[in-house]
Amino acid sequence: MSNTSARPQPDPDTLIAFEGVGKWFDQFQALKDINLSVKQGARVVVCGPSGSGKSTMIRCVNQLENHQQGTIHVCGREVYGNMKQLEQVRREVGMVFQSFNLFPHMSILQNVTLGPIRNSNLSRSEADDIALHYLERVQIADQADKFPSQLSGGQQQRVAIARALAMKPRVMLFDEPTSALDPEMINEVLDVMTELADDGMTMMVVTHEMGFAREVADRVVFMDEGRIEENCGKTEFFAGGRGERAQAFLSKILQH
Amino acid sequence: MTQIHPEMPLLARLLGVDGVRHPKDPASAHIARSLWQVAQAILLFGILAWLIYAGAAAMEYRWQWYRVGPFFYRIIDGEFIPGPLINGILVTLQLAGISSVLSILIGALTAIGRMSNSIAGRSIATTYLEIIRNTPLLVQLFMFYFVLAPIFGIDRFWAGVLCLAAFEGSFAAEIIRGGIQAVERGQYEAADATGLSKFDKYRYVIVPQALPLILPPLTGLLISLIKHSAIVSVIAVSELTTEGLNLISDTYMAFEIWFIVAGMYLVLTTSLSIMVNILEIKMNRAR
Ligand SMILES: Nc1ncnc2c1ncn2[C@@H]1O[C@H](COP(=O)(O)OP(=O)(O)OP(=O)(O)O)[C@@H](O)[C@H]1O
Ligand SMILES: [Mg+2]
């Protein structure tokens, strides 16, 4: 596994490549033979029933979960084992969580500058400039001096997006970024994500927001029981060129 | 009903009165009830004091309180000469101070060892914890003094310091580990996802959130270390308890001296607790 890590990726445009990936939690196999590649500029939406392995798959990209079978390449580097290399990969991959996970003991500004200051050796003022730039982009720069607990859920999630962007990642991962939000705040977060997509950011998004998928995705991946059951273009997916399970799942979530 | 609350006035806490008015109480009833509780406490203490006094009288114990002054200090030709009790408490403070610092260090290292991925780190930490927790402190002290001290050529003071530090360090380790593990998983993940190095993750994200959980029990531990330090009197380190024992064998004033020694520990530990409480309240306000 590790001796392939120096080998350059065949296609430099492929930012994420899963090849035959398997993942177990003890006896339970959560991912089965996952093959998936995400190209530069692609916007992949991942959906599927609860427990189907969506989070596990996306978390394997930056190794918040590690896999036991197959290989995962991110930006041309294999992610496995080596901590230093993993840290490098993680700096190229931004992640946004369902529960925001902002650092509660730091101001909004500090939340966003921590990565740039510690990882890229930027001075405080350089990092502040970058942070304010991204906070402006998610329209929350005026809250820079507050603490996470003083912000609404939607605002916190936008800060989390700015925090991830401040590392200037090549790929952004989103794991159900809106499902912990009150309905009236969902759109402010989706709008920010749509803008990001319009700017050409490569994105992998686990979400049940089919409106967002329709508007923003170019590929839709449907998972069930740890497998990728569908992986097709958006138009194809929504036009009904999909299997029974995907159909059943879609009609269920589109009902409400 | 009487909850101990850090902001409660000391007197109220000593008497076990919560000092908080119950919402439906009219003020007068509240005061009357508090007074009644104070009276109860005073009555109980009074009875206790009387029992001791009566018991001592029955034994025909001769109280000699007038002799205790010089045990603290003497002034000879205008010069202040500390007596055995003052010297003893200074040694106790030294002993407890040095062991505190060491026990925090040992605790932190052990906590890191237990949580690390290294098998060596984990097994060393676990062995240390199991040995310290499953043998009596007194036996540990003898091991340090009679076995390790001669081998490594350390004197009785340092044997006492190291033994106490090793003992309290095992509790500090669990307090520190508990605090660190109480930080939410999402915080670790966010730090990892940001690409922080392991050191930066702990330094900037985890430890700052664990400290408010660690500090209160840790300060409690260090205050109790002052009490535990009395045990090193068995290897004749000249701290407060040893000095008390020596005075008793010289003067046979066991009752007076034990009351004084206990009182000195009490004053020391309660004043430290009060200081820590004040500090905590200030820290909470600052946040
Ligand atoms: N840490 C873990 N330990 C054991 N099993 C786990 C763990 N994390 C996930 N699983 C199991 O792996 C399977 C996939 O979980 P995963 O969180 O990836 O699902 P998901 O598709 O994201 O579901 P949801 O829509 O509910 O978020 C589930 O059956 C889950 O119980
Ligand atoms: Mg999930």
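Given the structure is predicted, the values throughout are model-derived calculations rather than measurements. (Residues numbered from 1 in each chain as written. Chains lettered and ligands numbered in written order. Predicted model: local features only at pLDDT ≥ 70, side-chain atom pairs only at ≥ 80, totals over all residues. Heavy atoms only, no water.)

Enquirer: Go over the overall build of chain A with me, naming the residues and quoting the values.
Expert: Looking only at helices and strands, one finds nine helices and 10 strands in chain A. On C-alpha atoms alone, chain A measures out to a radius of gyration of 18 Å, which is about the 18 Å that the 2.2 N^0.38 rule sets for 256 residues. Here the C-alpha coordinates of chain A stretch approximately 50 × 50 × 35 Å along the principal axes. Per-residue burial for chain A yields a buried fraction of 56% across its 256 residues. Restricting to contacts in chain A with at least 6 residues of sequence separation, those with at least 24 account for 66%. As displayed, chain A offers around 11200 Å² of accessible surface, 44% of which is attributable to carbon and sulfur atoms. Between the centroid of the 26 positive side chains of chain A and the centroid of its 33 negative side chains there is a distance of 4 Å. (Helix = DSSP H or I, 4+ residues; strand = E, 2+ residues; numbered from the N terminus. Rg over C-alpha atoms; globule rule 2.2 N^0.38 Å. Buried < 20%, exposed > 50% of the residue type's maximum accessible area, 1.4 Å probe, protein only. Contact = heavy atoms within 4.5 Å. Areas by Shrake-Rupley, 256 points an atom, 1.4 Å probe, with all protein chains shown as cover. Lys, Arg positive; Asp, Glu negative; His and termini not counted. Charge placed at Lys NZ, Arg CZ, Asp CG, Glu CD.)

Enquirer: Can you break down the packing of helix H3 (residues 108-120) of chain A against helix H5 (residues 153-165) of chain A residue by residue, with the values?
Expert: Any two packed helices are characterised by the angle at which their axes cross and by the distance between the axes. All names here are of chain A. Contact geometry of H3 with H5 gives a least axis separation of 8 Å together with a crossing angle of 25°. Between H3 and H5, the crossing angle belongs to the class labelled roughly parallel. Judged by the twist between their axes, the crossing of H3 over H5 is right-handed. Residues Ile-108, Asn-111 and Val-112 of H3 lie in contact with H5, whose contacting residues are Val-159, Ala-162 and Arg-163. Residues belonging to the contact of H3 with H5 are distributed by class as follows: four nonpolar, one polar and one charged. (Axes fitted to C-alpha atoms, helices over the stretch in contact; angles between N-to-C directions. Parallel < 35°, antiparallel > 145°, perpendicular 65-115°, else oblique. Left-handed = near helix turned anticlockwise from the far one by under 90°. Nonpolar A, V, L, I, M, F, W, Y, C, P; charged D, E, K, R; others polar.)

Enquirer: I'd like to hear about the packing of helix H8 (residues 185-193) of chain B against helix H9 (residues 198-228) of chain B, residue by residue, with values.
Expert: All names here are of chain B. Their axes nearest at 10 Å, the elements H8 and H9 cross at an angle of 165°. The pairing of H8 with H9 is recorded here as roughly antiparallel in orientation. Seen from above, H8 lies across H9 with right-handed handedness. Residue-level inspection shows Gln-187, Tyr-188, Ala-191 and Asp-192 of H8 in contact with H9, the latter providing Lys-201, Tyr-202, Val-205, Ile-206 and Gln-209. Classifying every residue of the contact of H8 with H9 by side-chain character gives five nonpolar, two polar and two charged.

Enquirer: Can you lay out the sheet that holds strand E5 (residues 77-78) of chain A for me, pointing to particular residues and giving the numbers?
Expert: Residues and elements named next belong to chain A. If you walk across this open sheet you meet the four strands as E2-E1-E4-E5, and the pairing is antiparallel. Looking along the sheet, the strands with just one partner apiece sit at the ends: strand E2 (28-39) and E5. As paired elements, strand E1 (residues 14-25) and E2 share eight bridges and run antiparallel to each other. Pairing of Ala-17 across the sheet is with Ser-37, part of E2. (Pairing = 2+ DSSP bridges.)

Enquirer: Outline the layout of surface pockets, listing residues and values.
Expert: If you add up the space inside the largest pocket, you get close to 1100 Å³. What lines the largest pocket is a set of 35 residues, among which B:Tyr188, B:Asp192, B:Lys198, B:Lys201 and B:Tyr202 lie closest to the centre. Among the secondary structure elements, those contributing two or more residues to the lining of the largest pocket are helix H2 (83-92) of chain A together with helix H4 (84-115), helix H7 (156-181), H8 and H9 of chain B. Broken down by element, the residue count for the lining of the largest pocket peaks at eight residues, all from H9(B). Grouping the amino acids of the lining of the largest pocket by side-chain chemistry returns 19 nonpolar, seven polar and nine charged. (1 Å grid on protein atoms, 1.4 Å probe; cavity = no way out; pocket = protein on both sides within 12 Å on 5 of 7 lines; lining within 4 Å. Points joined across faces, edges and corners; volume = space filled by probe spheres on them.)

Enquirer: Could you give an account of the site of ligand 1, naming the residues involved and the relevant values?
Expert: Residues and elements named next belong to chain A. All residues in the neighbourhood of ligand 1 are listed as Phe-25, Phe-28, Ala-30, Pro-49, Ser-50, Gly-51, Ser-52, Gly-53, Lys-54, Ser-55, Thr-56 and Glu-176. In the model, an oxygen atom of ligand 1 is placed 2.6 Å from a nitrogen or oxygen of the Ser-50 side chain. Lys-54 is positioned such that a nitrogen or oxygen atom in its side chain is 2.7 Å from an oxygen atom of ligand 1. For ligand 1, the protein covers 62% of the area, taking 630 Å² as the surface of the free molecule. For the shell around ligand 1, the secondary-structure elements that each account for two or more residues are E2 and helix H1 (54-61). Per-element accounting of the shell around ligand 1 gives the leading share, three residues, to H1. Of the residues contributing to the shell around ligand 1, the split by class is four nonpolar, six polar and two charged. (Near = heavy atom within 4 Å. Polar contact = N/O pair within 3.5 Å; in protein donor to acceptor, adjacent residues only side chain to side chain.)

Enquirer: Tell me about empty space enclosed by the protein, and name the residues and values.
Expert: Here the idea is plain: a probe the size of a water molecule rolls over the atoms and shows the empty space left. One pass over the full model with this rule turns up three cavities of 30 Å³ or more. For the largest cavity, the calculated volume is near 90 Å³. Lining the largest cavity are 14 residues, with A:Met95, A:Arg163, A:Ala164, B:Ala193 and B:Thr194 positioned closest to its centre. Secondary-structure elements contributing two or more residues to the lining of the largest cavity are H2, strand E6 (93-96) and H5 of chain A together with H8 of chain B. Across the lining of the largest cavity, the residue classes break down as nine nonpolar, two polar and three charged.

Enquirer: Requested: an account of the environment of B:Arg122, with residues and values cited.
Expert: All names here are of chain B. Looking at the element boundaries, Arg-122 is found in helix H5 (residues 119-133). Residues in contact with Arg-122, not counting those within four places in the same chain, are Gly-113, Arg-114, Ser-116 and Asn-117. At 3.2 Å, the side chain of Arg-122 forms a polar contact with the backbone oxygen of Ser-116.

Enquirer: Account for the interface of chain A and chain B, with residues named and values stated.
Expert: Contacts between the two partners involve 22 residues from chain A and, on the opposite side, 18 residues from chain B. Summed over both partners, the interface of chain A with chain B comes to about 1600 Å²; 54% of that surface belongs to carbon and sulfur atoms. Connecting chain A to chain B are four salt bridges. Here A:Glu65 ties to B:Arg185 by a salt bridge, and the two come within 3.8 Å at their closest N and O atoms. On the surface where chain A and chain B come into contact, there are eight residue pairs in polar contact (both at pLDDT 80 or more). For the side of chain A that touches chain B, the secondary structure elements donating two or more residues are H2, E6 and H3 of chain A. Considering every element that reaches the side of chain A that touches chain B, the biggest residue donor is H3(A), with four residues. (Buried area = accessible area lost by both parts, 1.4 Å probe. Salt bridge = Lys/Arg side-chain N within 4 Å of Asp/Glu carboxyl O.)

Enquirer: Lay out the sheet that holds strand E9 (residues 219-224) of chain A with the relevant residues and their values.
Expert: Residues and elements named next belong to chain A. Spatial strand order, E6-E7-E8-E3-E9-E10: six strands in an open sheet with mixed pairing. Only two strands of the sheet have a single neighbouring strand rather than two, namely E6 and strand E10 (227-233). Going across the sheet, the axis of each strand differs from the next one's by a mean of 15°, ignoring polarity. The pairing of E6 with strand E7 (residues 171-175) spans four bridges and is classified as parallel. Bridged to Val-93 within E7 is Val-171. Set on the sheet, H2 makes contact with E6 and E7; between it and E6 the angle comes to about 65°. The sheet contacts of H5 involve E6 and E7, and relative to E6 the element is tilted by about 170°.

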